[in-house]
Amino acid sequence: MALLPILEYPDPRLRKVAAPVTAFTPDLVRLVRDMAETMYAAPGVGLAATQVDVHKRVIVIDTSEAKDELLVLVNPQIIAAEGEAEHEEGCLSVPGYYDRVVRAARITFRAHDEHGRLYERRADELLAVCVQHEMDHLVGKVFVDYLSPLKRTRLTAKQRKKQRLAG
Ligand code: K1U
Ligand code: ZN
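Residues numbered from 1 in each chain as written. Chains lettered and ligands numbered in written order. Predicted model: local features only at pLDDT ≥ 70, side-chain atom pairs only at ≥ 80, totals over all residues. Heavy atoms only, no water.

Any details on the sheet that holds strand β7 (residues 118–124)? Residues and values, ideally.
Sheet strands pair via backbone hydrogen bonds, and the direction of the pair is either parallel or antiparallel. Read across the open sheet, the five strands follow the order β1-β2-β3-β6-β7; overall the sheet is antiparallel. What marks the edges here is a single partner per strand, and that holds for β1 (46–48) and β7. When strand polarity is set aside, the average angle formed by the axes of neighbouring strands in this sheet is 35°. Lying on the sheet, helix α1 (residues 26–41) is in contact with β1, β2 (58–61) and β3 (71–82); it crosses β2 at an angle near 40°. (Pairing = 2+ DSSP bridges. Helix = DSSP H or I, 4+ residues; strand = E, 2+ residues; numbered from the N terminus. Axes fitted to C-alpha atoms, helices over the stretch in contact; angles between N-to-C directions. Contact = heavy atoms within 4.5 Å.)

The following block contains the structure:
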């Protein structure tokens, strides 16, 4: 297994749109294992392939307390959404920054696991937030896109300065 480098906002590669997975191969199983290891090590509760510069529709999530309920979402689709709820969000691609975002309160999503098995699940609370946040990554969207232009401009300048200083 391997820890994968996570792209940091405003890296333009975070804006790429991921392609659907067309084959369930040992390479896909390896990618999912590496993404899970990277997410647990970060630590985070989710990770989209886009964040590790792999532009395929693959997500890993584990919102359990014990970190023993890994969810793998390949080619995910939200098939129903209801209500609105505001939650504090973070992002491994924007380390140290948290802000509130309004999203659907409850969703039903459909996805394949890494072996190609199709499943459907209802989600609310943190899992619903996390699925929507990670699915945004797959279409090149970052949670800071929901912030006011002023907040986003300040954050972008801060991140650019941090990256310049880091060389
Ligand atoms: O997409 C990502 O960068 C992962 C992100 C997922 C997420 C968290 C909270 C709300 C929406 C989406 C994170 O995991 S940020 C880190 C984090 O929130 C966390 C880390 C350790 C324990 C619990 C939470
Ligand atoms: Zn994120």
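Could you give an account of the environment of H55, naming the residues involved and the relevant values?
By the secondary structure assignment, H55 is in the loop between β1 and β2. Separated by 28 residues in the primary sequence, H55 and D27 have C-alpha atoms spaced 14 Å apart. If we skip the residues at most four places from it in the chain, H55 touches R13, K16, A18, A19 and T50. There is a polar contact of 2.8 Å between the side chain of H55 and the side chain of D53. (Polar contact = N/O pair within 3.5 Å; in protein donor to acceptor, adjacent residues only side chain to side chain.)

Would you mind going over the site of ligand 1 in detail, with residue names and values included?
In the vicinity of ligand 1 lie 15 residues, with V45, G46, Q51, L92 and E134 positioned nearest. Taking H133, its side chain carries an N or O atom lying 3.1 Å from an oxygen atom of ligand 1. E134 is positioned such that a nitrogen or oxygen atom in its side chain is 2.7 Å from an oxygen atom of ligand 1. Relative to its free-state accessible area of 530 Å², ligand 1 is covered by the protein chains to the extent of 81%. Elements supplying a minimum of two residues to the shell around ligand 1: β4 (85–89) and α2 (125–138). (Near = heavy atom within 4 Å. Areas by Shrake-Rupley, 256 points an atom, 1.4 Å probe, with all protein chains shown as cover.)

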